[in-house]
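Now for the letters of each chain:
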Amino acid sequence: RPTKGAGVGWTWGVYGNQFAFRVGGGSQVAAQVKGKPLALGVWQHVAATYDATAKVATLYVQGQPVASAPAIPKPGLSFEPLRIGREDVDGKAPFLGQIAWLHLSKAIRYSGAFTPALTASADAQSIGYWPMKAGSGTVVTDLSGNGHHGTATASGMWTVTAPGCLPGPACGDGAKADWEACDDGNLLFGDGCDAACKPEVPPGGGLVG
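Read on for an overview of the structure. Bear in mind the structure is a predicted one, so any value in this text is a computation, not a measurement.

1. Considerations on the side chain of Ser 144
Point 1. Here Ser 144 shows up in the loop between β9 (138-140) and β10 (149-152).
Point 2. A polar side-chain atom of Ser 144 sits 3.1 Å from a polar atom in the side chain of Asn 146.
Point 3. For Ser 144, the residues in contact, after removing those within four places along its chain, are Ala 122, Ser 126, Ile 127, Gly 128 and Tyr 129.

So, in structure tokens, the structure goes:
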């Protein structure tokens, strides 16, 4: 979202067990396109396209178009970092599941039913391509060549390091961001603030000896 808390910006994600594209969020959803319910416990290929000229968004699940909607507004430019695993800086709508890879493209790749690829690779139309084979604290390299690297953290935050940009706030850096309940400058447990920047003392938590 370009402005924290405002009902602008795009989110792609799972809402009510349905893959969805949204403009805005929370109680300020301006428009959304939802697909059919997703099966749990199995890998699935999900994709979405947005035609900026026609203002049409289309969702695909397992290579099949499942929903489309016109008049989806295009949000303005944003200096906010891309967040993977959370809807916004306050930690709303955390993603519960696994992601094998994420591919962002400046070209519309699908116009109808297609056979999902088992793997992805970057090309000249790629904005970013991240194989998400990372655990907590592991740097994930953008293989598109654009250099938008990130760090996957246990808190579900994605800290972006792009050319000419500074890393975003991260748990354990000693600077309390607005999405953090605490930040004591480390990722240790048992010292009052855990590795997800959540308190380990009442009322927000309980210190374990």
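2. Structural notes on the packing of aromatic side chains
Point 1. Counted by the stated rule, this structure contains 6 aromatic pairs.
Point 2. Ring geometry for Trp 12 and Phe 19: centres 6.5 Å apart, planes at 15°, overall stacked.
Point 3. Residues Trp 12 and Phe 21 carry aromatic rings whose centres are separated by 4.2 Å and whose planes lie at 40° to one another, so their mutual orientation is tilted.
Point 4. What makes Trp 12 partly exposed here is its relative accessible area of 34%.
Point 5. Aromatic ring contacts, followed pair by pair, group Trp 12, Phe 19, Phe 21 and Tyr 50 into a single cluster.

3. Regarding the state of the cysteines
Cysteine pairs can be linked by a disulfide, which is a covalent bond between their two sulfur atoms.
Point 1. Overall, the coordinates contain 1 disulfide when judged by the stated rule.
Point 2. There is a disulfide in this structure between Cys 182 and Cys 193, and the S-S distance comes to 2.1 Å. Between Cys 182 and Cys 193 the disulfide shows an S-S torsion of about 95°. By sign, it is right-handed. On the criterion of sequence distance, the pair formed by Cys 182 in the segment after β11 (158-161) and Cys 193 in the segment after β11 is long-range, its members being 11 residues apart. Like Cys 193, Cys 182 is buried.

4. A look at the nonpolar core
Point 1. Grouped together as the largest cluster of nonpolar side chains are 13 residues, with contacts concentrated most on Phe 21, Val 33, Ala 57, Leu 59 and Ile 72.
Point 2. At the level of elements, β2 (18-23), β3 (31-37), β5 (56-61) and β6 (64-69) are the ones that each hand at least two residues to this core.

What counts, and where the lines are drawn
Residue numbers here run from 1 along each chain, matching the order of that chain's written sequence. Residues qualify for local features only when their pLDDT is at least 70, as the model is predicted, and side-chain atom pairs are given and counted only at 80 or more; totals for whole chains, interfaces and linings, by contrast, use all residues. The side-chain numbers reported here are obtained from all heavy atoms of the structure, hydrogens and water having been left aside. Strands are runs of DSSP state E lasting at least 2 residues, helices are runs of H or I lasting at least 4, and numbering of each runs from the N terminus. What qualifies as a polar contact is a pair of N or O atoms within 3.5 Å, subject to a donor-acceptor requirement within protein and to the restriction that residues adjacent in sequence count only when both atoms come from side chains. We call two residues contacting when some pair of their heavy atoms lies within 4.5 Å. Think of it this way: a Phe, Tyr or Trp ring, Trp meaning its six-membered ring, pairs with another when their centres are within 6.5 Å, and the plane angle makes it stacked under 30 degrees, edge-to-face over 60, tilted otherwise. Using a 1.4 Å probe on the protein chains alone, a residue whose accessible area is under 20% of its type maximum counts as buried, one over 50% counts as exposed, and one in between counts as partly exposed. In plain terms, two cysteine sulfur atoms within 2.5 Å form what is called a disulfide here. Residues belong to a common nonpolar core when they are buried Ala, Val, Leu, Ile, Met, Phe, Trp, Tyr or Cys residues joined through side-chain atoms within 4.5 Å.

This is a description of form; function is not addressed.
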